[in-house]
Amino acid sequence: MSDVVVRFPPSPTGYLHIGGARTAIFNWLFARKHGGKFILRIENTDTERSTRESVEGILDGLRWLGLHWDEGPYFQNDFHKEHIRAAQMLLEMGLAYKCFCSKEELDKRRQQALHEKRSIGYDGRCRGLSQDEVKKREKKGIPYVIRFKVPEREGKIGYDDKVLGRIEKDYSEIEDFVIVRSNGTPLYLLCNVVDDIRDGITHIIRGQDHMANTIRQLLLYEALKKTPPVFAHMPLTLDPRKRKISKRTHGEVVSVQFYRERGFLPWALVNFLVLLGWHTSDNREIFSKEELIEAFSIEGISKANSVFNFNPDDKEKIKKFFTDPKALSINAHYLRTMPVDELYEYVKEDFIKSNLWRKEYEDEKKEWFLSTIDLIRSRFHTIKDFARYGRAYFADDFPIDEKALKKNILKHPQLKALLPMLSDVLNGLETWNIELLEDIVRAFCEKEGVKPGIVINGIRTVITGQLKGPGIFDCMVAIGKDRVIKRLAHLAK
Ligand code: GLU
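As the structure is a prediction and not an experimental result, all values here were calculated from the model.

1. Observations concerning the pairing of strand β1 (residues 5-8)
Alternating positions in β1 separate into two faces, Val-5 and Arg-7 on one and Val-6 and Phe-8 on the other, with burial throughout. Both β1 and strand β2 (residues 37-42) contribute to a ladder of four bridges, which runs parallel. Directly across from Arg-7, in β2, lies its bridge partner Ile-39. At this point the chain moves from β1, through helix α1 (residues 18-33), to the parallel β2, and the crossover so formed is right-handed.

What follows is the structure, given as structure tokens:
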């Protein structure tokens, strides 16, 4: 193992959303690329908003995506004593102080500052309180927070961001920030640093929305006499209206689970998400796991925000075409090209849920099942399509597509007599294979003086319910003689 150590530290306040998953993917890839370690840490210090279900959901989502972590999950709350000890140490070193200003006073002063067009940051009022004064107020039971004392220095603090280059901020623009609340709970800013130091984190790859935290955290590293890790801030993921994608604004359509339930393959989702904010110089789009690990580098992370192209405002549209066309096309690519025995597991899982699964698909009909899903996948985009558009191969109660009915059946009234006749002809066959079926159907058309296209399209719609599909004779073989002749005969009724 190299000395690269990265982490994914989600706050368990909701499901795993695509933004979080993308952060996890980037960190995981970086660890795998450098033979380093990928740590999972659950940042559950916000006890009011953190839930057990959310933790389960996040772990489940990461496992499903195949993002295996090397250590953890650690739970931030378990290190509470360490966080408090760090705050105490900063107090003792004179690098932090107790602030007794109440929320009401702070609000009032902020309003005043706004009115006078001054900076609204904390004015440092409690910074210079004498030891005696502090003791006196404590004795009176006045609640206090602990604030970090931002050094009074000229100039700027900064770091070299691996994505964005040099980032700097004037010391004078950073207010003394709170590290422990008045109820004694330490804040994310501090806990996160203490944990990253303990876990030996070498690189922090996270969203640009954390950049304001990074500046303040650098001050904490300095105060705690530790070298900060390397920072790389990733671009944000925006919706088509250029709003930041978030659980709060977009709800379930941005959760990993949403895509899972709609028949996405985990690796296809990983492959798609990595392209939201990272690219190779030749803008390649499809990567196997090994190829992606090989190709990934922080240098390829974009500076500009990326857009996740679903339509968040049109709920109806989401239902029909619920996601980014690129996501769908990447999913289709994997679904159509992956080894069929791998595909089998996914289709099986979905068929069990859709009540289409039969035990024989594991035994005597497994070979048939494999060749059938292999045949029909060529037009499918998601795992759900097998039950949705391929139902006729596995069950007798399947819907007939309206467009197909109009175009392939109702427009050709002669089929009402022809297809049952064809059914009788086929019923007499002793064998059932592609070549024979093709010969028979073509001969039938010639004899009846009808264009083969009309009959073939008619057969397709009657036996599969669809407008289009794989070669019709392959379909007839896959569906089987009994079902085909019954369905063709049925048209007369
Ligand atoms: N718990 C923080 C979050 O979920 C972690 C941010 C970080 O330091 O990477 O946003």
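2. A word on the packing of helix α20 (residues 452-464) against helix α22 (residues 481-490)
When two helices pack together, their arrangement is given by the angle between their axes and by how far apart the axes lie. In contact at an axis separation of 9 Å, α20 and α22 are set at 105° when each is read in the N-to-C sense. Considered as vectors, α20 and α22 are oriented roughly perpendicular to each other. Mapping the contact onto sequence places Ile-459, Val-462 and Ile-463 in α20 and Val-484, Arg-487 and Leu-488 in α22. Tallied by class, the residues present in the contact of α20 with α22 amount to five nonpolar, no polar and one charged.

3. Points about the packing of helix α3 (residues 80-92) against helix α6 (residues 188-198)
The N-to-C vectors of α3 and α6 enclose an angle of 105°; their axes lie 9 Å apart at closest approach. Between α3 and α6, the angle is such that the two are roughly perpendicular. Counted together, Glu-82, His-83, Ala-86, Ala-87 and Leu-90 of α3 and Leu-190, Cys-191, Val-194, Asp-195 and Arg-198 of α6 form the full contact between these two elements. When its residues are assigned to classes, the contact of α3 with α6 shows six nonpolar, one polar and three charged.

4. What to know about the site of the ligand
Neighbouring the ligand are the residues Arg-7, Pro-9, Pro-10, Ser-11, Glu-43, Tyr-188, Asn-192, Arg-206 and His-210. Asn-192 is positioned such that a nitrogen or oxygen atom in its side chain is 3.2 Å from an oxygen atom of the ligand. Against a free-state accessible area of 300 Å², the protein chains account for coverage of 80% of the ligand. Here the ligand occupies the largest pocket.

5. Some thoughts on helix α10 (residues 266-274)
Along α10, nine of the nine residues are buried, which leaves the element largely enclosed by surrounding structure. For α10, every residue scored as buried is listed here: Pro-266, Trp-267, Ala-268, Leu-269, Val-270, Asn-271, Phe-272, Leu-273 and Val-274. For α10, the secondary structure elements touched by its buried residues are α1, α2 (52-65), α9 (256-261), α11 (289-295), α13 (325-337) and α14 (340-353).

6. Observations regarding the sheet that holds β1
Across the sheet, three strands lie side by side as β1-β2-β3; this open sheet has parallel pairing. Single-partner strands in this sheet number two, and they are β1 and β3 (71-75). Pairs of neighbouring strands in the sheet enclose a mean axial angle of 25°, with direction left out of account. Relative to β1, α1 is tilted by about 165°, and along the sheet it contacts β1 and β2. The sheet strands contacting α2 are β1, β2 and β3, and the helix crosses β2 at an angle near 160°.

7. Section: the packing of aromatic side chains
Each aromatic ring pair is described using two quantities: the centre-to-centre distance and the angle formed by the ring planes. Here the structure, examined in full by the defined rule, presents 26 aromatic pairs. With a centroid separation of 5.8 Å and 85° between ring planes, the pair formed by Phe-351 and Phe-369 is classed as edge-to-face. Of this pair, Phe-351 sits in helix α14 while Phe-369 sits in helix α15 (residues 366-376), placing them 18 residues apart in sequence. Just as Phe-351 is buried, Phe-369 falls in that class too. Of the aromatic side chains, those joined through ring pairs into one cluster are Tyr-344, Phe-351, Trp-357, Tyr-361, Trp-368, Phe-369, Tyr-393 and Phe-394. It is Arg-147 that lies over the ring of Tyr-122; its NZ or CZ is 3.6 Å from the centre. Residue placement shows Arg-216 over the ring face of Phe-177; its charged tip is 5.7 Å from the ring centre.

8. Considerations on empty space enclosed by the protein
The final tally for this structure, using the stated rule, is one cavity of 30 Å³ or more. Counted as a void, the largest cavity has a volume near 130 Å³. Contributing to the lining of the largest cavity are Trp-64, Arg-260, Glu-261, Gly-263, Phe-264, Tyr-346, Glu-349, Asp-350, Lys-353, Ile-383 and Lys-384. Contributing elements (two or more residues each) for the lining of the largest cavity: α9 and α14. Here the element with the most residues in the lining of the largest cavity is α14; it accounts for four residues. Of the residues assigned to the lining of the largest cavity, the class counts are four nonpolar, one polar and six charged.

Rules behind the numbers
- Residues numbered from 1 in each chain as written.
- Predicted model: local features only at pLDDT ≥ 70, side-chain atom pairs only at ≥ 80, totals over all residues.
- Heavy atoms only, no water.
- Buried < 20%, exposed > 50% of the residue type's maximum accessible area, 1.4 Å probe, protein only.
- Helix = DSSP H or I, 4+ residues; strand = E, 2+ residues; numbered from the N terminus.
- Pairing = 2+ DSSP bridges.
- Right-handed = clockwise from strand over helix to strand, strands pointing away.
- Axes fitted to C-alpha atoms, helices over the stretch in contact; angles between N-to-C directions.
- Parallel < 35°, antiparallel > 145°, perpendicular 65-115°, else oblique.
- Contact = heavy atoms within 4.5 Å.
- Nonpolar A, V, L, I, M, F, W, Y, C, P; charged D, E, K, R; others polar.
- Near = heavy atom within 4 Å.
- Polar contact = N/O pair within 3.5 Å; in protein donor to acceptor, adjacent residues only side chain to side chain.
- Areas by Shrake-Rupley, 256 points an atom, 1.4 Å probe, with all protein chains shown as cover.
- 1 Å grid on protein atoms, 1.4 Å probe; cavity = no way out; pocket = protein on both sides within 12 Å on 5 of 7 lines; lining within 4 Å.
- Sits in = over half its atoms within 2 Å of the grid points.
- Phe/Tyr/Trp six-rings, centres within 6.5 Å; stacked < 30°, edge-to-face > 60°.
- Lys NZ or Arg CZ within 6 Å of the ring centre and 35° of its normal.
- Points joined across faces, edges and corners; volume = space filled by probe spheres on them.

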